[in-house]
Each structure stands twice: as structure tokens, then as C-alpha cells.
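In case you want the letters, here they are:
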Amino acid sequence: MDKNFQEEEFTEIIKFTPPLHKQRHQFVKDLVEKHKPKKVADLGCADCSLLRMLKFCSCIEVLAGLDICASVMKEKMHTLSPLPVDYLQPSERSLTVTLHHGSVAHKDPCMLGFDLVTCIELIEHLEESELKKFPEVVFGFMAPSIVVISTPNSEFNPLLSRVMLYRHPDHKFEWNQAQFQSWALETARCYDYSVEFTGVGHPPTGMEKVGFCTQIGVFVRKYAQTGASLQSEKPTEAVYKTVFKTVYPSLKDEKYLQNAVISEVIFTAQIIKHRFMSKREEYGDDPERKSKSQTSMDCFSEYLRKPVVEKNMEPFVSGNEVYIPLATIFSFPKVNRLCGTFEKLCKLISGKVTLSSDGSAVMFNIEHENEEN
């Protein structure tokens, strides 16, 4: 079911810009950017639209979605898969995205260890029996550092077009501000959380007492959970069914790192070689002009933000070969950042890049290149 479509249909009189569902997602994104969680779970993820937004947040390494309706997730789960550009330019971070089919009224060990859990427009869809179990599952069992819960504010409903009782036919209830805050404060007290209230979708001027169209509670755990308490709560069997899982290419994976390093080494060496050979051809064997050539090379090195100051780091020609010292290539910021150490650079390009006999320089055959040209 499309919760967002149903809701926007009812907001013909009051126009929210951007649309209300986008404001809710932006609220979560802003919270992520503020707190930098590494592991985030979205309960009631539906069409995965929030997960699609969050996968671009550079701090997140694990994303999980849970929904009772597997068909809705399966319809949109392909949008969470890596794109060709993700393989061509792997990120420096790792990212795993998983979707689970199951109920928020059940405990499953796959939902342990998350920093942030979001429940956006979820609780109003729960049956009374599920709502009773919900706090123990989320706050007692999962016990993330932060929980965000949003739900419709029933006091706003008279301002919305064509809302008779509830905003969506699947809603089991809709709370006013006092009801939501009472439930949230009691839940926070029981599980050692603090809670702050806010929302999105401002009421018209002069009707501020109505409150936000969507009311939001941000729960923050007061005390860190110990490993022992986590283990004692952990059930022995999984109850959720995994319907989707993807691991994004990452420079933390050595095969992707090696490809990135090789490409960057060849690219950098080609640039240095081109400039070096251009100056060499321009100045020939004239000592005075060679001196000017060296000055020009130093300027080029300055342009690349890493001056060549040592003799053994200068490019040189021997016979039909031009040599670009690995020490020079390693001195450039991107190569240095990718490899970390000179030893790692040598290891990653070994057997993949043509090197001098002592392995100290990248080697190009001038005669062969001239023939190709």
C-alpha cells in the first residue's frame, strides 16, 4: 500500500512544501547527519524510500529495513542495489543493505546492535496486541541509542480535505498530542530513555495550538547497554525472513582497492611522463635549457601539490624506456591516501603494472608508444 499517496490525496486544502513525507525523511536525514550512526534500521520500511535516501549518508555502514508486507518491499528493493558507478568508483566506506520480512511485535537477533531505529508512520498501523509488544521489542530488546517515531496528529485532521476518521484506511488509531506524549513518556520511563517532541507540517498562522500535522518523538537511551544484557535478551532462533541483501563495492575490500590503486598509479605516471617528455623534447641536450626544464618540472610538481625535491624521485630516460619513480607517484595525495604506506603500494601493483627491474619505478616503452602514435 502507498501511504504517501493516500496522505497527499488528503492535503488538497493545506499544501505542504516540500510534501509531508519528504519532510519526515529529511528530518531523519538531518538527525543522521547530526549523530553519525553507523547502523540504521527502518521499521515499517514499506517502499524503501527512506532507505534509498539514507544509503547516500557517508557515515552509515549497515542499513536494514523491516516490513510486514513482503510484496511492497520486493517491488522496490532493486532500487537499493549498487549502480554501475558504484563499481567504477567504489566508496571508501563499506555498506550493506538488508530487507527483512516480519512483524515489529517479534524479536529477531538480526535487529540487535543498531545505533538508530526509525519508525516513520508505523505505530498507527499496529493492532492493539502488536502495539503492546512494540515497546519491549524496540526499546527493551533492540535498545538502540536513538529511536525516532512519527505518527499522525489527529488534532490536525479537521484541517485536511476529505479526512472522515483516519488519514489511511489501514490505520487502527490516530492519537492527539496528549495521547502520543503520554504513551511516549511512559515508554521512555520504562526503558531508561529520554524523549523530546517535535514534528513536521506546520499548522496555519493563528492555529499553532493544533500542533504539527505529523508529530515526532525522538528517544535517546540514557545508559549504554552492556554486552551481557544484550546476550541475555538474544533469542535462539531467527523469526524474520531475509528477502534482499546487497553489499556495495568498497575500498575496504582489497580487490576493489587494488583496482583503484592500479588505475590511479597508471593515471598519475602517465601525466608525469607526458609533462616530462614534453619538456625534454622542448629543451633537448642544451645544459642551460635543461636547467630551465628542471625549473619547469618543479613548477609542474608544485601544480600537483607535491614538490619533487629528491634526485631519485625525478623521472629519467634510459634507452627506449622512460622511468617514473614509485616514490614520486606515492608522494601524490590520492595515491598516498589510497595506499597508506609505500610498502602497500608496492604490494598492490606487483605483477599488475610494468616496473623497472628493481621495482622502484613505473616503466614506459617510448619506441612502442611512438609506433602506436
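Please read all numbers here as calculations on a predicted model, not as lab measurements.

Undergrad: Give me the overall build of the chain: which residues, what numbers.
TA: Along its length, the chain carries 14 helices and 11 strands. Across the 373 residues in the chain, those meeting the buried criterion constitute 47%. The long-range share in the chain, meaning contacts at least 24 apart out of those at least 6 apart in sequence, stands at 73%. Carbon and sulfur atoms provide 52% of the accessible area of the chain, an area that totals close to 19700 Å².

Undergrad: Would you mind going over unusual backbone geometry in detail, with residue names and values included?
TA: With an omega of -5 degrees, the peptide bond between Thr 17 and Pro 18 qualifies as cis. In this structure, Pro 18 sits in the loop between α1 (3-9) and α2 (20-35). In this structure, Ala 46 is a non-glycine residue whose phi angle is positive, near 50 degrees. Secondary-structure assignment places Ala 46 in the loop between β1 (39-43) and α3 (49-54). Since its relative accessible area comes to 12%, Ala 46 is described here as buried. Here the phi dihedral of Glu 121 falls at roughly 55 degrees; this positive angle occurs in a residue that is not glycine. Along the chain, the position of Glu 121 falls in the loop between β4 (116-120) and α6 (128-142). Taking the relative accessible area as the measure of exposure, Glu 121 reaches 6% and is therefore buried.

Undergrad: Which residues make up the sheet that holds strand β10 (residues 321-325), and what values go with them?
TA: Across the sheet, three strands lie side by side as β9-β10-β11; this open sheet has antiparallel pairing. In this open sheet, the two strands that pair with only one neighbour each are β9 (316-318) and β11 (361-365). Taking each pair of neighbouring strands and ignoring which way they run, the sheet shows an average axis angle of 30 degrees. Pairing between β10 and β11: five bridges, direction antiparallel. Paired with Pro 325 across the bridge in β11 is Ala 361.

Undergrad: Outline the side chain of Ser 331, supporting the account with residue identities and numerical values.
TA: Residue position: Ser 331 is located in the loop between α11 (326-330) and α12 (333-339). The class of Ser 331 is buried, set by a relative accessible area of 11%. Reaching out from Ser 331, the side chain makes a polar contact with the backbone oxygen of Thr 328 at a distance of 2.5 Å.

Undergrad: Got a sec to walk through the nonpolar core? Specific residues and values, please.
TA: Core analysis: the biggest nonpolar cluster contains 38 residues, and Val 32, Leu 54, Ile 60, Leu 99, Val 148 and Phe 156 have the highest contact counts within it. With five residues, the single largest contributor to this core is α2. Among the nonpolar cores identified, the runner-up in size contains 32 residues, and Val 117, Leu 131, Val 138 and Phe 180 belong to it.

Undergrad: Tell me about the packing of aromatic side chains, residues and numbers included.
TA: Applying the stated criterion across every chain, the model contains 13 aromatic pairs. Between the aromatic rings of Phe 316 and Tyr 323, the centroid separation amounts to 4.9 Å while the plane-to-plane angle is 10 degrees, which identifies the pairing as stacked. Ring pairs connect the aromatic residues Phe 134, Phe 173, Trp 175, Phe 180, Trp 183 and Phe 197, which therefore count as one cluster. Seen from the ring of Phe 114, Lys 39 lies directly overhead, with NZ or CZ sitting 5.1 Å from the centre. Above the ring of Phe 364, the side-chain terminus of Lys 273 is found at 5.0 Å from the ring centroid.

Undergrad: Can you explain the side chain of Ser 150? Please cite residues and give values.
TA: Along the chain, the position of Ser 150 falls in strand β5 (residues 146-152). For Ser 150, a relative accessible area of 1% puts it in the buried group. There is a polar contact of 2.7 Å between the side chain of Ser 150 and the side chain of Glu 121. Setting aside residues up to four positions removed in sequence, Ser 150 forms contacts with Arg 24, Cys 119, Ile 120, Glu 121, Leu 122, Glu 124, Thr 214, Gln 215 and Ile 216.

Undergrad: Which residues make up the environment of Tyr 248, and what are the values?
TA: Relative to the assigned elements, Tyr 248 resides in the loop between β8 (241-247) and α9 (254-283). The buried category is assigned to Tyr 248, whose relative accessible area is 10%. Along the chain, Tyr 248 and Val 97 lie 151 residues apart, while their C-alpha atoms are 8.2 Å from each other. Sequence-distant contacts of Tyr 248, that is, excluding residues within four places in its chain, are made with Lys 55, Leu 80, Ser 81, Pro 82, Asp 86, Leu 95 and Val 97.

Undergrad: Could you give me a rundown of the pattern of salt bridges, with the residues and numbers involved?
TA: Tallied over the entire structure, the rule returns eight salt bridges. As a salt-bridge pair, Arg 189 and Glu 186 come within 2.6 Å of each other at their nearest N and O atoms. You can see Arg 189 and its partner Glu 186 sitting in helix α7 (residues 177-190), three residues apart, about one turn around the helix. Taking relative accessible area as the criterion, Arg 189 reaches 55% and is therefore assigned exposed.

Undergrad: Quick one: what's the story with α2, residue by residue and with numbers?
TA: With 16 residues, α2 extends 23 Å between its outermost C-alpha atoms, agreeing within 8% with the 22 Å of an ideal straight helix rising 1.5 Å per residue. Among the residues of α2, those classed as buried are Leu 20, His 21, Gln 23, Arg 24, His 25, Phe 27, Val 28, Leu 31 and Val 32. Backbone geometry just downstream of α2 places Lys 36 in the positive-phi region, at approximately 55 degrees.

Undergrad: Let's hear about the sheet that holds strand β2 (residues 62-67): which residues, and what values?
TA: With respect to topology, eight strands assemble into an open sheet ordered β6-β7-β5-β4-β1-β2-β3-β8, the strand pairing being mixed. The open sheet has two edge strands with one neighbour each: β6 (193-200) and β8. Across the sheet, the axes of successive neighbouring strands diverge by a mean angle of 15 degrees, strand direction being ignored. Where β5 and strand β7 (residues 214-221) come together, seven bridges link them in antiparallel fashion. Residue pairing for β7: Val 147 is matched across the bridge by Phe 219. Its contacts with the sheet put α6 on β1, β4, β5, β6 and β7, and the angle it makes with β5 is roughly 160 degrees. Each of β5, β6 and β7 touches α7; the most contacted strand, β6, lies at about 155 degrees to it.

Scoring rules and cut-offs
Residues numbered from 1 in each chain as written. Predicted model: local features only at pLDDT ≥ 70, side-chain atom pairs only at ≥ 80, totals over all residues. Heavy atoms only, no water. Helix = DSSP H or I, 4+ residues; strand = E, 2+ residues; numbered from the N terminus. Buried < 20%, exposed > 50% of the residue type's maximum accessible area, 1.4 Å probe, protein only. Contact = heavy atoms within 4.5 Å. Areas by Shrake-Rupley, 256 points an atom, 1.4 Å probe, with all protein chains shown as cover. Pairing = 2+ DSSP bridges. Axes fitted to C-alpha atoms, helices over the stretch in contact; angles between N-to-C directions. Polar contact = N/O pair within 3.5 Å; in protein donor to acceptor, adjacent residues only side chain to side chain. Core = buried A, V, L, I, M, F, W, Y, C linked by side-chain atoms within 4.5 Å. Phe/Tyr/Trp six-rings, centres within 6.5 Å; stacked < 30°, edge-to-face > 60°. Lys NZ or Arg CZ within 6 Å of the ring centre and 35° of its normal. Salt bridge = Lys/Arg side-chain N within 4 Å of Asp/Glu carboxyl O. Expected span 1.5 Å × (residues − 1).

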